[in-house]
Amino acid sequence: MAAVAAAQKNREMFAIKKSYSIENGYPARRRSLVDDARFETLVVKQTKQSVLDEARLRANDSSVDPEIDIEDKPAQKIDGEDDSGLTEEEVVLSNAIAEGPDAEKALQRAALILRLREGMNSLSRVLKSIEKHQGAVCHLETRPNQSDNNQLDALVKVEMTRVSLLQLIKSLRQSSSLEHCTLIGEDNISAKNPWFPRHASDLDNCNHLMTKYEPDLDMNHPGFADKEYRARPDLDMNHPGFADKEYRARRKEIAEIAFAYKYGDPIPYIQYTETETKTWGSVFNTVLELMPKHACSEYCRVFKMLQEEDIFTPDRIPQLEEMSNFLKRHTGFSLRPAAGLLTARDFLASLAFRIFQSTQYVRHKNTPYHTPEPDCIHELLGHMPLLADPSFAQFSQEIGLASLGASDAEIEKLSTVYWFTVEFGLCKESGVVKAYGAGLLSAYGELLHALSDKPELRPFEPAVTAVQPYQDQEYQPIYFVAESFDDMKDKFRRWVSAMSRPFEVRFNPHTGRVEVLDSVEKLETLVHQLNTEVLHLSNAINKMKAPSYQ
Ligand SMILES: C[C@H](O)[C@H](O)[C@H]1CNc2nc(N)[nH]c(=O)c2N1
Ligand SMILES: N[C@@H](Cc1ccc(O)cc1)C(=O)O
Ligand SMILES: [Fe+2]
């Protein structure tokens, strides 16, 4: 019973670890936001802490006898220090063991980093101890310690059963010949096998916020009470809704929906207030007026369809659920509610599954022309029309796929190019500069600014654009102009396909899963499927060419 609960907790913890969160080693782009993701840090730490605590307790009262076989003298405990001193990796290991006898005997590769007090003498004791625990040493490196030359650092890679490994670590930790002993899971240091979402349901773990603007979302957290915000007005003083208690309460209410949302749920209906609807109406009407002159043709085409279906009207804010259904019919894209600005990694990951994480709240009534964070007016008016365009939808999914398991540096570049194209891109259409970026089509203040003579316009070149710093608080001083909308997609695509990730992925539309293309069998099955499809296509061509067709 306890083991089952522990296994469940273990999975939960893995879920947190697996999430593309800042907390879990995926630092998001800072974008000069103050105090990004404090909320996330607090919540995740708390959850993780309880998992760790429980596992530590279990590790302490486990029946495994921590025999001390290296040295007679147990290391002294420092006051207040955690009893077992297990690191996270060790907790994960001990949890993995708890899953059952098979798991216990599973062979584990692991790397240990040791600080040896008495140089080679200590090393030979360590090696003996590994041998005694039936472990095999696969790799060994040493170097003099940088701060204390009498000590030696060693990296030892071993292979042994999980149970023995845990016992070995316990005994090493108690040995006085070692200053430190740290376990690094081999899997974690393998760049070839990083975790990323494989199915749309995994996105339940990929919705971490950059929370500068969500002071009230987490009122239950003592560190995030109102007073702290008053003490630190710098955190969100610039936000138009900062001083508006009512607005903040409303934001909290809508954010709760996104927090509670799980894959497969219908998106809850929001009864928008009169004020919110008025804000939508004034942005909608202004965009409608500017659109024929300033928006790209792909945007205008879908906009009209949305009007014809009565989804786009000035007197009603479209519900995310109906918009999601509209997208599904046209490109297979769908929506899931997000509580605010997501980290680039989490946001991009969802695109791999043709899912767009959309906010559901409305900007503050005082700033309809521009707001410093995405709101549903931005998502609906800015992003939705193009996501219903088949070629743009495919392009978006490719960006998403390219982001899965990419390095932090790559995500940074990818999201920068995304920023200057999908969010703020301009393109030429018969020689005239038009807007296709969602942040322009949802913010008429910035749209007019972008097309005025104030900002600097540069030609879009992915490799150059990718390293251009930007901020999201005010109008952009620089925009990139593509030769055409199609040219932008082509260039972006080509640049993405040259990214350095050491594996290729593919979205399997039948299973809805992302597969890593890493075996001949998988590729053969795929080639077979594609051949069948190509056969159908050539048959269709032949039939149309046949005289009887006319
Ligand atoms: C990928 C890139 O950083 C992009 O600007 C993302 C970031 N997070 C987001 N989060 C939400 N909710 N909506 C968005 O449009 C975006 N855009
Ligand atoms: N500035 C956009 C909203 C937005 C803000 C920040 C972002 O990162 C994205 C979009 C608008 O007013 O519609
Ligand atoms: Fe956006």
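What counts, and at which threshold
- Residues numbered from 1 in each chain as written.
- Chains lettered and ligands numbered in written order.
- Predicted model: local features only at pLDDT ≥ 70, side-chain atom pairs only at ≥ 80, totals over all residues.
- Heavy atoms only, no water.
- Donors = N, O, S within 2.8 Å, 3.2 Å for Na, K, Ca; no water.
- Buried < 20%, exposed > 50% of the residue type's maximum accessible area, 1.4 Å probe, protein only.
- Helix = DSSP H or I, 4+ residues; strand = E, 2+ residues; numbered from the N terminus.
- UniProt positions renumbered as here; feature names shortened; annotations may be inferred.
- Contact = heavy atoms within 4.5 Å.
- Pairing = 2+ DSSP bridges.
- Axes fitted to C-alpha atoms, helices over the stretch in contact; angles between N-to-C directions.
- Core = buried A, V, L, I, M, F, W, Y, C linked by side-chain atoms within 4.5 Å.
- Near = heavy atom within 4 Å.
- Polar contact = N/O pair within 3.5 Å; in protein donor to acceptor, adjacent residues only side chain to side chain.
- Areas by Shrake-Rupley, 256 points an atom, 1.4 Å probe, with all protein chains shown as cover.
- Nonpolar A, V, L, I, M, F, W, Y, C, P; charged D, E, K, R; others polar.
- Expected span 1.5 Å × (residues − 1).
- Arc of directions from axis to C-beta.
- Salt bridge = Lys/Arg side-chain N within 4 Å of Asp/Glu carboxyl O.

Undergrad: I tried to follow the coordination of the iron ion (ligand 3) on my own but got confused; where do I start?
TA: Perfect tetrahedral coordination of a metal by four donors corresponds to 109.5 degrees between them, and perfect octahedral coordination by six donors corresponds to 90 or 180 degrees. Coordination sphere of the iron ion (ligand 3), protein contribution only: H378 (NE2), H383 (NE2), E423 (OE) and E423 (OE), at 2.1 to 2.5 Å. Sequence positions of the residues that donate to the iron ion (ligand 3) give the spacing H-x4-H-x39-E. Judged by relative accessible area, which is 4%, H383 ranks as buried.

Undergrad: Just to check I follow, could you spell out unusual backbone geometry for this structure?
TA: Generally, phi is negative for residues other than glycine and the peptide bonds are trans, each holding for most cases. Positive phi values are uncommon outside glycine, yet Q134 reaches one of about 55 degrees. Here Q134 is to be found in the loop between α5 (119–132) and β2 (136–144). Residue Q134 is classed as exposed on the basis of its relative accessible area of 67%. One non-glycine residue, R354, lies in the positive phi region at around 55 degrees. Turning to its location among the elements, R354 is positioned in the loop between α12 (344–351) and β6 (355–359).

Undergrad: How should the UniProt feature "binding site: Fe cation" (unreviewed entry) in the protein chain be read in this particular structure?
TA: With numbering aligned to this structure, UniProt lists the feature "binding site: Fe cation" (unreviewed entry) at H378, H383 and E423. A maximum C-alpha distance of 9.8 Å places the annotated residues, which cover 46 residues in sequence, within one compact spot. Tracing the sequence through the fold places H383 in helix α13 (residues 376–387). Other than its neighbours up to four places away in sequence, H383 contacts F356, H378, Y418, V422, E423 and A438.

Undergrad: How should the sheet that holds strand β8 (residues 432–435) be read in this particular structure?
TA: Sheets are built from strands paired through backbone hydrogen bonds, the pairs being either parallel or antiparallel. Strand order in this open sheet of four strands is β8-β7-β10-β9, and the pairing throughout is mixed. One side of each edge strand has no neighbouring strand; the edge strands of this open sheet are β8 and β9 (456–459). Direction aside, the axes of adjacent strands within the sheet are offset by 40 degrees on average. Pairing of strand β7 (residues 426–429) with β8, which is carried by four bridges, proceeds in the antiparallel orientation. When the bridges of β8 are listed, K428 appears paired with V433.

Undergrad: In this structure, what is going on with the nonpolar core? I would like to understand it.
TA: By size, the foremost hydrophobic cluster in this structure holds 86 residues, and its most contacted members are Y299, M323, F356, L381, L414 and F492. Look past the residues within four positions of F356 in its chain and what remains in contact with it is F333, S334, L335, R336, F347, L351, E379, H383, M384, L387 and Y418.

Undergrad: What should I look at first to understand the site of ligand 2 in this one?
TA: As a matter of local geometry, ligand 2 sits amid 13 residues, with R363, T371, E373, W419 and S442 nearest to it. In the environment of ligand 2, a nitrogen atom lies 2.8 Å from a nitrogen or oxygen atom belonging to the backbone of T371. Between ligand 2 and S442 there is a distance of 2.6 Å, counted from an oxygen atom to a side-chain nitrogen or oxygen. Here ligand 2 loses 98% of its free accessible area of 340 Å² to cover by the protein chains. The class makeup of the residues in the shell around ligand 2 is five nonpolar, four polar and four charged.

Undergrad: What is the right way to look at helix α11 (residues 320–331) in this model?
TA: Each α-helix turn comprises 3.6 residues. Residues three or four places apart therefore point the same way. The end-to-end C-alpha distance of α11 is 16 Å, a good match for the 16 Å that 12 residues give at a rise of 1.5 Å each. Restricting attention to buried positions, one finds in α11 the residues L320, M323, S324, F326, L327 and T331. Taken around the axis of α11, the buried residues stretch over an arc of 160 degrees, which confines them to a single face.

Undergrad: Can you walk me through the pattern of salt bridges in this structure?
TA: Charged atoms that come close allow side chains of opposite charge to pair. A full pass over the atoms with the stated rule returns 22 salt bridges. A salt bridge links D204 to R336; the shortest N-O distance between them is 2.8 Å. Separated by 132 residues along the polypeptide, D204 in the loop between β4 (178–185) and α7 (226–231) and R336 in strand β5 (residues 334–338) bring together distant segments of the chain. What makes D204 buried here is its relative accessible area of 19%. Look at R336 and you get buried, because its relative accessible area is 3%.

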